[in-house]
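Listed below, chain by chain, are the residues.
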Amino acid sequence: MCGVRRKLGDAELEIMQVIWKSGEAVTSNYILKELQGRRKWQLSTLMTSLSRLCDKEFVTCDRSKGMNLYMALVSENDYKMKEGRHFLQRLYDNSVRNLVATLYGNDVLADADIQELRQFLDEIEEKSDGEKSS
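Here the structure is a predicted model, which is why all the values come from computation and not from measurement. (Residues numbered from 1 in each chain as written. Predicted model: local features only at pLDDT ≥ 70, side-chain atom pairs only at ≥ 80, totals over all residues. Heavy atoms only, no water.)

Visitor: Tell me about the overall build of the protein, and please be specific about residues and values.
Guide: A count of helices and strands for the protein gives six helices and two strands. In the protein, the order of α-helices and β-strands from amino to carboxyl end is α-α-α-β-β-α-α-α. For the protein, the C-alpha radius of gyration of 19 Å lies well beyond 14 Å, the compact-globule estimate for 134 residues. Overall, the protein is about 55 × 40 × 25 Å in size when its C-alpha atoms are taken along their principal axes. By the burial criterion, 25% of the 134 residues in the protein qualify as buried. Within the protein, contacts between residues separated by at least 24 positions form 47% of all contacts whose residues are at least 6 apart in sequence. Counting every atom, the protein has about 9800 Å² of accessible surface; 49% of that belongs to carbon and sulfur. (Helix = DSSP H or I, 4+ residues; strand = E, 2+ residues; numbered from the N terminus. Rg over C-alpha atoms; globule rule 2.2 N^0.38 Å. Buried < 20%, exposed > 50% of the residue type's maximum accessible area, 1.4 Å probe, protein only. Contact = heavy atoms within 4.5 Å. Areas by Shrake-Rupley, 256 points an atom, 1.4 Å probe, with all protein chains shown as cover.)

The following block contains the structure:
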């Protein structure tokens, strides 16, 4: 991500998730339809949020085809990485162990979650070992 972008609000994040999921430029009507059931918005409310997202440089609006087409300027992965790093630094002193300990200690993580995490870490380790021996 270039420059400093502000954090997305909850509603803005939902809009971005629709745009990211589409993988291509989308119309405001497409976004509104995808948000049905989650948000009861009028088109004017969505347009205000899209304008803010343009101002924050999260999306761009292409008007060259006779309609507004919105495309992400920030990838979902880049945003998640930045926000995840900030979250970990701010709340857990940059410690994944502290994060997991807090979740586990407060019964947020089930045994199945721990097993999934263990399997994921094993896969990472195997991949890393495979790259070292190549």
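Moving on from the coordinates now.
Visitor: Let's hear about the pattern of salt bridges: which residues, and what values?
Guide: Here the structure, examined in full by the defined rule, presents five salt bridges. A salt bridge links Lys65 to Asp62, with the nearest nitrogen and oxygen atoms 3.9 Å apart. According to the relative accessible area criterion, Lys65 is exposed, its value standing at 56%. Between Glu76 and Lys80 there is a salt bridge, and its shortest N-O distance comes to 3.2 Å. Remark: Lys80 and Glu76 occur in helix 4 (residues 76-92); sequence separation between them is four residues, near one turn of the helix. Note on Glu76: relative accessible area 31%, which makes it partly exposed. Relative accessible area serves as the criterion here: at 52%, Lys80 is assigned to the exposed category. (Salt bridge = Lys/Arg side-chain N within 4 Å of Asp/Glu carboxyl O.)

Visitor: Pulling in residues and values, what's your account of the pairing of strand 2 (residues 69-72)?
Guide: Moving residue by residue along a regular strand, the side chains alternate between the two faces of the sheet. Of the pairings in the sheet, the one linking strand 1 (residues 59-62) to strand 2 comprises four bridges and is antiparallel in character. Residue Cys61 lies in a different strand from strand 2, and its bridge partner there is Tyr70. The antiparallel hairpin formed by strand 1 and strand 2 contains six residues in its connecting segment, where Gly66 sits at a positive phi of about 85°. (Pairing = 2+ DSSP bridges.)

Visitor: Which residues make up the packing of aromatic side chains, and what values do they have?
Guide: Summed over the entire model, instances satisfying the criterion amount to three aromatic pairs. Pairing Phe58 with Tyr79 gives two aromatic rings, centres 5.7 Å apart and planes at 75°, and the pair type is edge-to-face. Taken together, the residues span a long stretch of sequence, with Phe58 in the loop between helix 3 (43-55) and strand 1 and Tyr79 in helix 4 at a distance of 21 residues. Put simply, the rings of Trp20, Phe58 and Tyr79 pair up and form one aromatic cluster. (Phe/Tyr/Trp six-rings, centres within 6.5 Å; stacked < 30°, edge-to-face > 60°.)

Visitor: Tell me what's going on with a nonpolar patch on the surface, and back it up with residues and numbers.
Guide: Together, Leu117, Phe120, Leu121 and Ile124 make up a nonpolar patch on the protein surface, roughly 350 Å² of accessible area in all. Within the fold, Leu121 resides in helix 6 (residues 111-133). (Patch = residues over 30% accessible without salt bridge, like charges linked within 9 Å, V, L, I, M, F, W, Y side chains within 5 Å.)

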